[in-house]
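# Structural description and commentary
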Amino acid sequence: MTAAVPEVLLLDGVLDAEQAAGTVRSILAEQRADGAIPWFTGHHLDPWDHTEAAMALDTAGEHAAAEAAYRWLAAHQNPDGSWYAAYTDGEVSNRAKETNFCAYVAVGVWHHHLSTGDDAFLEWIWPVVRRALDFIVRLRLPGGPISWRLDEDGTATAEALLTGSSSILHALRCGLAVAEYLEEPQPDWELAAGRLRHAVAHHPERFLDKDRFSMDWYYPVLGTALRGEAALARIERDWDRFVVPGLGVRCVSDRPWVTGGESAELALALWAIGESDRAVDILRWIQKHLRHDDGSYWTGYVFEDDAIWPEERTTWTAGALLLAVAALGGDPATVAVFGGDDLPEGLVVQDCC
C-alpha cells in the first residue's frame, strides 16, 4: 500500500490500523496487472464482485488501484453495454450475462468520483455507465422488475430476482446521480428506477421465490428500496431466521453455514437504517472465525462441524467488510452511496402493471 489506512477503517473490536492495512493488502495482492480483481488468484472474476472490491480500495485511499479496476471494465465491455458473467485469467469463462453484474459499475463509478473528485475520469467513463444502464433498462419486465439473465444464446429470461433487482435499483439511482452531475438527463432510467423501486417494495410476487436466501431478506434495504419503518419491520421479521448470535448471518435459512459477505452486507444495511450497534456486533462476530492472519477473509463457516467451507478467501468478502466499516466510520463517499438519502429517487410510481 502507498499510505496508512484512513481512520474511517478503524473500528474497535473489528479492525485496528494494522488489521485494516492487512485487509486492504489482501485485495491488492489479488489484483492483476491489468486491473482485474478475481475472487482469488486462479479463480474467476465477475463484474459485480470486482466492482465491490474496487470500492473497498477507494475507502482505503488506493484510488489508482480502484481506477485500474474501472479501466478494466471499460476495456472489456461488450458493444451492447453488458459484460459476461465470468472471466478467468483474462478470458471469458461464462458467456451468460447477468443484469445486476452489468449494472453495478454505476454504483462503483459514483463512489469513486465521490472518493476522488476526479471529474476528468468521470467524464471519460460516463459512456461506459450509460451503455451499461441502457442495456439494463431494455430488459424491463411488466410491472417493473428487470430480467435477471441473458443466456449464452442471447435469450433473456422472463423472470426476475429480488436481490438482483434491488441491486439494479441502487445502480440506477447512482447512475442518475452521475447523469445529474454531468447534466446528461436520462428519463428512461428515471422511469425504470421508479417502477423497479415500487415493485421491490410492494410486489414480491413479481420475483422468483428465493425466500430461503438471506440476501432476499436484506437486499431491499441494502439496495435503498426500503427505509424507515418498512425497512426496520423487514429486518425484524426474519432476524431470528437468518442471524446466528455470536457467529454471523446464514447464507440460507435451513443450513448451518454463516458467510462473511452476507454478514458484512447485512451490517451495511443495518447501518443505513440507523441500527449501527447491531451492525458492529455482527462485524465483531465474524472476526473470530472468518478472519485469516494475513487480513483476508474466509467465505464461510459451517458451525455444526466447526469447519471453514469452502476453503477460499475471497476479495469480495474482504471488500464487503471494508465497506461496512467505512460506512460506520463516516467515510463520506460510502455514506452517500449506501445511505441513499442524496441519490435521485427516479420517477415516483404509485402502481404499475
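Refer to the structure printed above.
Described in the following lines is the structure provided in the data block. (Residues numbered from 1 in each chain as written. Predicted model: local features only at pLDDT ≥ 70, side-chain atom pairs only at ≥ 80, totals over all residues. Heavy atoms only, no water.)

### A short note on unusual backbone geometry
With an omega of -10°, the peptide bond running from Trp309 to Pro310 counts as cis. Note on placement: Pro310 falls in the loop between strand E9 (307–308) and helix H13 (315–328). The backbone phi angle of Thr224 is positive, close to 75°, even though this residue is not glycine. Residue position: Thr224 is located in the loop between helix H9 (214–222) and helix H10 (228–242). A relative accessible area of 1% places Thr224 in the buried class. The phi dihedral of Asp306 falls on the positive side, at around 50°, and the residue is not glycine. (Helix = DSSP H or I, 4+ residues; strand = E, 2+ residues; numbered from the N terminus. Buried < 20%, exposed > 50% of the residue type's maximum accessible area, 1.4 Å probe, protein only.)

### Notes on the nonpolar core
Leu9 and Leu266 are the most contacted members of the largest nonpolar core, which has 121 residues in total. By residue number, the principal contributor to this core is helix H6 (residues 119–137), which donates 11 residues. In contact with Leu266, other than residues within four places in its own chain, are Trp217, Tyr218, Ile235, Trp239, Val243, Val249 and Ile282. (Core = buried A, V, L, I, M, F, W, Y, C linked by side-chain atoms within 4.5 Å. Contact = heavy atoms within 4.5 Å.)

### Things to note about the environment of Thr299
Locating Thr299 in the fold gives a position in the loop between helix H12 (276–290) and strand E8 (300–302). Given the relative accessible area of 6%, Thr299 is considered buried. Sequence separation of Thr299 and Trp239 is 60 residues, and the distance between their C-alpha atoms is 21 Å. At 3.1 Å, the side chain of Thr299 and the side chain of Glu312 are in polar contact. (Polar contact = N/O pair within 3.5 Å; in protein donor to acceptor, adjacent residues only side chain to side chain.)

### Brief notes about the environment of Ala85
In this structure, Ala85 sits in the loop between helix H3 (63–76) and strand E1 (86–88). Note: C-alpha distance between Ala85 and Glu152 (67 residues apart in sequence) is 9.9 Å. Residue contacts for Ala85: discarding those within four places in its chain leaves Leu45, Asp46, Pro47, Asn94, Ala96, Glu98 and Phe101.

### Some details on the packing of helix H1 (residues 17–28) against helix H2 (residues 47–59)
Running from amino to carboxyl end, H1 crosses H2 at an angle of 140°, the nearest separation of the two axes being 10 Å. Relative to H2, the element H1 lies oblique. H2 is crossed by H1, and the crossing has left-handed handedness. In this structure, H1 contributes Val24, Ile27 and Leu28 to the contact, and H2 contributes Ala53, Ala56 and Leu57. Its residues placed into classes, the contact of H1 with H2 shows 6 nonpolar, no polar and no charged. (Axes fitted to C-alpha atoms, helices over the stretch in contact; angles between N-to-C directions. Parallel < 35°, antiparallel > 145°, perpendicular 65-115°, else oblique. Left-handed = near helix turned anticlockwise from the far one by under 90°. Nonpolar A, V, L, I, M, F, W, Y, C, P; charged D, E, K, R; others polar.)

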